[in-house]
Amino acid sequence: MQLDNRAQTLLKALVERYIADGMPVGSRELSKISGLDLSPATIRNVMADLEEMGFVASPHTSAGRVPTPRGYRVFVDTLLTVQSIDESALESKLQNSLQTGSSQKIISNAAQILSSLSEFAGIVMTPRHESVFQQIDFLRLSEKRILLVIVSPSGDVQNRLLLTDVDYTPSQLIQAANYINQNYGGLSFDEVRIRLQGELKQLRDDMTRLMQAAVEAGSDAMNDNSDDVVISGERNLLSVSDLSSNMVSLRQLFDLFEQKTSLMQLLDVSNKATGVQIFIGGESKLVPMDQMSVVTSPYTVNGKVVGTLGVIGPTRMAYERVIPIVDITAKLLSNALSHTPG
């Protein structure tokens, strides 16, 4: 739905003032801050139209108006003037934090930087590793219980317990491991799964079942990462009244950080996008709270997107300041990880 210039100017002024002080904005105040030579009566008529279209709402009959999720969406998509940040100065300031230590340390520092600069919560989805293995081994623990040992190309070791229908002998387990290592070592488990379907017909059924079980368990092991999401600054959100004003909101907030499931879904979506994305609560079903927004950007290693980072805050956040913070941090993290071994 198209808004004329007058309606856009008034909506922009209303959202900016509401973000600044959190109070409903009245027509008289808008006539002063909008820069338009309009009477309060004319402004009231435009506000009534905006309310009918779903861009603003009246929290009380006698009060001014506040932006709705739809109003925020129009604001961030078409009306927002993003602050210019001295990128070289910020890069210099963050250089030490994002250039030293292991990849995990750099990612943790990035979450802290996002939190510190935004004064909200910073979040980074750790890189998704390809489920490639260099070698596997089977160790017989007892009857029908086998330990699958997976070694990645970087030397990381993962273990998984296999419960089988058949009691395999040690020699059978060695034979199966040798077959997989010689024919499939260095491939991903997904690739092995496809090739196994056509290549194992000549082997006995029980050996086929063992190898298929190993591939399934191995794929799960390589994709299982308990530290998928690094969050910093959760406490900052407890001081945001919009997010912690009552027990229901507080419970939602704690659930969000404990479970992380909805955050992972949101970050996965961001991972497939380009540039900064803004998810607004009440509008995006991916955001678990109506009063919350998440500003995200994917980051890369050697040009390939491997994860997402962002800022979690109230819908009433200073988007013009948070957007460049997220954008620049993603670029700096990409550069740092591309020059970090391992």
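Here is what the cut-offs are and how they apply
Residues numbered from 1 in each chain as written. Predicted model: local features only at pLDDT ≥ 70, side-chain atom pairs only at ≥ 80, totals over all residues. Heavy atoms only, no water. 1 Å grid on protein atoms, 1.4 Å probe; cavity = no way out; pocket = protein on both sides within 12 Å on 5 of 7 lines; lining within 4 Å. Points joined across faces, edges and corners; volume = space filled by probe spheres on them. Nonpolar A, V, L, I, M, F, W, Y, C, P; charged D, E, K, R; others polar. Pairing = 2+ DSSP bridges. Helix = DSSP H or I, 4+ residues; strand = E, 2+ residues; numbered from the N terminus. Axes fitted to C-alpha atoms, helices over the stretch in contact; angles between N-to-C directions. Contact = heavy atoms within 4.5 Å.

Draft legend 1. Examining the layout of surface pockets more closely. Its volume calculated, the second largest pocket comes out at about 260 Å³. Lining the second largest pocket are 14 residues, and of these Tyr18, Asp242, Asp290, Gln291 and Thr315 sit closest to its centre. For the lining of the second largest pocket, the class distribution of residues is 5 nonpolar, 6 polar and 3 charged.

Draft legend 2. Up close: the sheet that holds strand β6 (residues 157-163). Read from one edge of the open sheet, 3 strands run β4-β5-β6, paired in antiparallel fashion. Strands at the two margins of the open sheet, each flanked by one partner only, are β4 (135-142) and β6. Shown here is a sheet whose adjacent strand axes are inclined to one another by a mean of 25 degrees, direction ignored. Examined bridge by bridge, β4 and strand β5 (residues 145-151) share 7 bridges and lie antiparallel to one another. Paired with Asp137 across the bridge in β5 is Val149. In the packing of helix α7 (residues 170-184) onto the sheet, contacts are made with β4 and β5, and the angle to β4 comes to roughly 165 degrees.

Draft legend 3. Local environment of the sheet that holds strand β9 (residues 292-301). Sheet architecture is open: 5 strands sit in the order β7-β3-β10-β9-β8, paired in antiparallel fashion. Both outer strands of the open sheet, β7 (229-232) and β8 (277-280), are each paired with one neighbouring strand and no more. Recorded for the sheet is a direction-independent mean angle of 20 degrees between the axes of neighbouring strands.

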